[in-house]
Amino acid sequence: MMLHMESNDNGFTNLWSTSQQLDCGTLYVNPNLADDLFFNKLTNITCINDEMIEKSIFIFKKNNSRPYLYSLNNENLDKILTKKGFILHDIQFALVKKNEKTVTKNHEKHQK
């Protein structure tokens, strides 16, 4: 479920931002919306790579954008980002109905 939501989120962001694949993450930047965390972010982070984090910060600054990094329950990454001066800005919650399996089966039927 979470992968599906992330895919939708990134697909929408890609409509408004320029994306760049980094070593183990995807960087989205939109200088016209420089302070918007939705359209300027490093996400899809699959490994902890200090060089990639520094590169993303450089690209954000070059585009006059505030650096936002999306961390999905990765304590090690969170610790590294805290040491680099990042602060927790927001938490995203995904809510699902208890009968999610029924909803998913019905959704799959309509997709065929």
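Draft legend 1. Focus on the packing of aromatic side chains. Using the criterion set out here, one finds two aromatic pairs in the structure. Aromatic side chains Trp 16 and Phe 39 sit 6.2 Å apart centroid to centroid with 55° between the ring planes, which places their arrangement in the tilted category. Here Trp 16, found in helix H1 (residues 2-16), pairs with Phe 39, found in the loop between strand E2 (25-29) and strand E3 (41-43); they are 23 residues apart in sequence, far enough to count as distant. With relative accessibility at 11%, the residue Phe 39 sits in the buried group. An angle of 90° between the planes, with centres 5.1 Å apart, marks the rings of Phe 38 and Phe 39 as edge-to-face. On the basis of relative accessibility, which here comes to 24%, the residue Phe 38 falls in the partly exposed class. An aromatic cluster of at least three residues, connected via ring pairs, comprises Trp 16, Phe 38 and Phe 39. Lying over the aromatic face of Tyr 28, Lys 41 brings its terminal NZ or CZ to 5.9 Å of the ring centre. Taking the ring centre of Phe 38 as reference, the NZ or CZ of Lys 41 above it sits at 4.5 Å.

Draft legend 2. Spatial organisation of the state of the cysteines. Throughout the structure, instances matching the rule amount to one disulfide. Paired by a disulfide, Cys 24 and Cys 47 hold their sulfur atoms 2.0 Å apart. Negative torsions about the S-S bond denote left-handed disulfides, and the value of about -75° found for Cys 24 with Cys 47 makes this one left-handed. Separated by 23 residues along the polypeptide, Cys 24 in the loop between strand E1 (18-22) and E2 and Cys 47 in the loop between E3 and helix H2 (50-62) bring together distant segments of the chain. A relative accessible area of 5% means that Cys 24 is categorised as buried.

Draft legend 3. View of the sheet that holds E3. Reading across the sheet, the three strands line up as E1-E2-E3 and stay open at both edges, with antiparallel pairing between neighbours. Since the sheet does not close on itself, it has two edges, and those belong to E1 and E3, each with one partner. In this sheet, neighbouring strand axes are inclined to one another by 20° on average, regardless of whether the strands run parallel or antiparallel. Two strands pair when backbone bridges link them, and E1 and E2 are joined in this way by five bridges, in the antiparallel orientation. Bridge pairing in E2 places Thr 18 opposite Val 29.

Draft legend 4. Representation of the side chain of Thr 43. Here Thr 43 lies in strand E3. The residues contacting Thr 43, other than those within four sequence positions of it, are Glu 6, Asn 10, Gly 25, Thr 26, Tyr 28 and Tyr 70.

Draft legend 5. Structural view of the pattern of salt bridges. Taken as a whole, this structure holds three salt bridges when the rule is applied. Of the charged contacts, one joins Lys 84 and Asp 50 as a salt bridge, the two residues approaching to 2.7 Å between their closest N and O atoms. Here Lys 84, found in the loop between helix H3 (75-83) and helix H4 (100-111), pairs with Asp 50, found in helix H2; they are 34 residues apart in sequence, far enough to count as distant. Residue Lys 84 is classed as partly exposed on the basis of its relative accessible area of 30%. The class of Asp 50 is partly exposed, set by a relative accessible area of 43%. Between Lys 84 and Glu 54 there is a salt bridge, with its nearest N and O atoms 2.5 Å apart. One end of the pair, Lys 84, is in the loop between H3 and H4; the other, Glu 54, is in helix H2, with 30 residues separating them in the sequence.

Criteria and cut-off values
- Residues numbered from 1 in each chain as written.
- Predicted model: local features only at pLDDT ≥ 70, side-chain atom pairs only at ≥ 80, totals over all residues.
- Heavy atoms only, no water.
- Phe/Tyr/Trp six-rings, centres within 6.5 Å; stacked < 30°, edge-to-face > 60°.
- Helix = DSSP H or I, 4+ residues; strand = E, 2+ residues; numbered from the N terminus.
- Buried < 20%, exposed > 50% of the residue type's maximum accessible area, 1.4 Å probe, protein only.
- Lys NZ or Arg CZ within 6 Å of the ring centre and 35° of its normal.
- Disulfide = S-S within 2.5 Å.
- Pairing = 2+ DSSP bridges.
- Axes fitted to C-alpha atoms, helices over the stretch in contact; angles between N-to-C directions.
- Contact = heavy atoms within 4.5 Å.
- Salt bridge = Lys/Arg side-chain N within 4 Å of Asp/Glu carboxyl O.

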